[in-house]
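Given next are the chains, with one letter for each unit.
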Amino acid sequence: MDLFIPELYDSKLSVKQTQLAIQEIREVFQNNLGNTLNLNRVSAPMFVLKNTGLNDNLNGVESPVSFQIKDIPGEDIEVVHSLAKWKRNALGRFGFEAGSGLYTNMNAIRKDEELDNVHSIYVDQWDWERVIDKSERHFDTLKETVRKILKAIKQTQAKVAQTYGDAIYALPDDITFITTQELEDRYPELTPKERENAITKELGAVFLMQIGGKLKSGEPHDGRAPDYDDWQLNGDILFWFEPLQSVLEISSMGIRVDEDSLREQLAITGLTERADLPYHHKILNQELPYTIGGGIGQSRLCMLLLQKAHIGEVQTSVWPQKMIDKCEAHGIHIL
């Protein structure tokens, strides 16, 4: 457990006002996102069969919550970590065409998460995915999409500020694009997390690109599963968050692997056996559409816009009693 307490914290909104503001942010943003990226809302699963290969493996070390049911004996069912793979499969199944896509409300349990101000075992995000042509698998597509997401966030900020005024956090108007290698070159003496803090404090908003592969130092900036994002065409949307004096990641996203990058990344990570799973087999045989997609944290966005010091102020989860008591003593009201 790790906890940061801001000096002289003022939550600005009461618990009731906070709940009303959360509702408005969620409703306004998902409409803005759908309109900006041409996405339709669809229903999505909370769990999938393990043997489909559809679950997100995140950094490759987190274990999913799993169970069995009597009507499918011998088969493990996993609570999703995210819907990164399911969405692409769904786009092909539903017949979406290039330039269109889907989004859904994703709820997950990540039981291995280390709890702190911004991490919870309960994850809620807008998972989205959009079909692109193979010729669009390049940086310009990635950057254009990031700018559209920032536009949707800024539109939401402006709308909610009409109701809640200076309780809403002021975000920068633009975002800077930088690769993980450029960031390491810029701050070689810092850890990856310290680099993110340094660059976002300086620039306000950053899209940090190319996460997953090894840098010149011999280590990756951060882990990424090898079978959904193309490590050369992905990234995180990061904001400097003044209340916590820290970077706040709002979205992880990217252009998804094609048959070549999947084969290469599975080999790099020593996971070539995944190629035999149904989902991976479809990609290698070019049976799924080429896509771009990601997840946008619902509670993270609410936390950012409402200037909250703890994610537990905008979502209901499970926390150590010691953390709850310390937060309450400093005016941080955990739901």
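In this text the structure is predicted, and so the values were computed from the model without any measurement.

Caption draft 1: Just the state of the cysteines, in detail. Under the counting rule described, the total for this entry stands at 0 disulfides. Cys302 takes part in no disulfide bond, and the closest cysteine sulfur, belonging to Cys327, lies 18 Å away. Residue class for Cys302 comes out buried when judged on its relative accessible area of 0%.

Caption draft 2: Up close: the packing of aromatic side chains. In the structure shown here, the tally under the stated rule is 4 aromatic pairs. Measuring from centroid to centroid gives 5.6 Å for Phe47 and Phe67, while their planes differ by 85 degrees, and the two rings are edge-to-face. Placement of the pair is Phe47 in strand E2 (residues 47-49) and Phe67 in strand E3 (residues 66-67), with a sequence separation of 20 residues. Assessed through its relative accessible area of 31%, Phe67 is described here as partly exposed. One residue, Lys143, lies across the ring of Phe139, its end atom 6.0 Å from the ring centre.

Caption draft 3: View of the pattern of salt bridges. Under the counting rule described, the total for this entry stands at 21 salt bridges. The partner of Glu184 in a salt bridge is Arg195, and the shortest N-O contact between them spans 3.9 Å. With Glu184 in helix H4 (residues 180-186) and Arg195 in helix H5 (residues 192-203), this pair connects stretches of sequence that are 11 residues apart. Comparing Glu184 with Arg195, the two get one shared label, buried. In this structure, the salt-bridge partner of Asp222 is Arg224, at a minimum N-O distance of 3.7 Å. Under the relative-accessibility criterion, Asp222 is labelled partly exposed at 32%.

Caption draft 4: Spotlight on the packing of helix H1 (residues 15-37) against helix H8 (residues 298-306). Relative orientation of the contacting elements H1 and H8 amounts to 115 degrees, with a least axis distance of 10 Å. The two elements H1 and H8 cross, and the hand of that crossing is right-handed. Contact with H1, carried on its side by Thr18, Ala21, Ile22, Ile25, Arg26 and Phe29, involves Gln298, Ser299, Leu301, Cys302, Leu305 and Leu306 of H8 and no other residues of that element. Considered class by class, the residues forming the contact of H1 with H8 number 8 nonpolar, 3 polar and 1 charged.

Criteria and cut-off values
Residues numbered from 1 in each chain as written. Predicted model: local features only at pLDDT ≥ 70, side-chain atom pairs only at ≥ 80, totals over all residues. Heavy atoms only, no water. Disulfide = S-S within 2.5 Å. Buried < 20%, exposed > 50% of the residue type's maximum accessible area, 1.4 Å probe, protein only. Phe/Tyr/Trp six-rings, centres within 6.5 Å; stacked < 30°, edge-to-face > 60°. Helix = DSSP H or I, 4+ residues; strand = E, 2+ residues; numbered from the N terminus. Lys NZ or Arg CZ within 6 Å of the ring centre and 35° of its normal. Salt bridge = Lys/Arg side-chain N within 4 Å of Asp/Glu carboxyl O. Axes fitted to C-alpha atoms, helices over the stretch in contact; angles between N-to-C directions. Left-handed = near helix turned anticlockwise from the far one by under 90°. Contact = heavy atoms within 4.5 Å. Nonpolar A, V, L, I, M, F, W, Y, C, P; charged D, E, K, R; others polar.

Take it as geometry only, folks, not as evidence of what the structure does.
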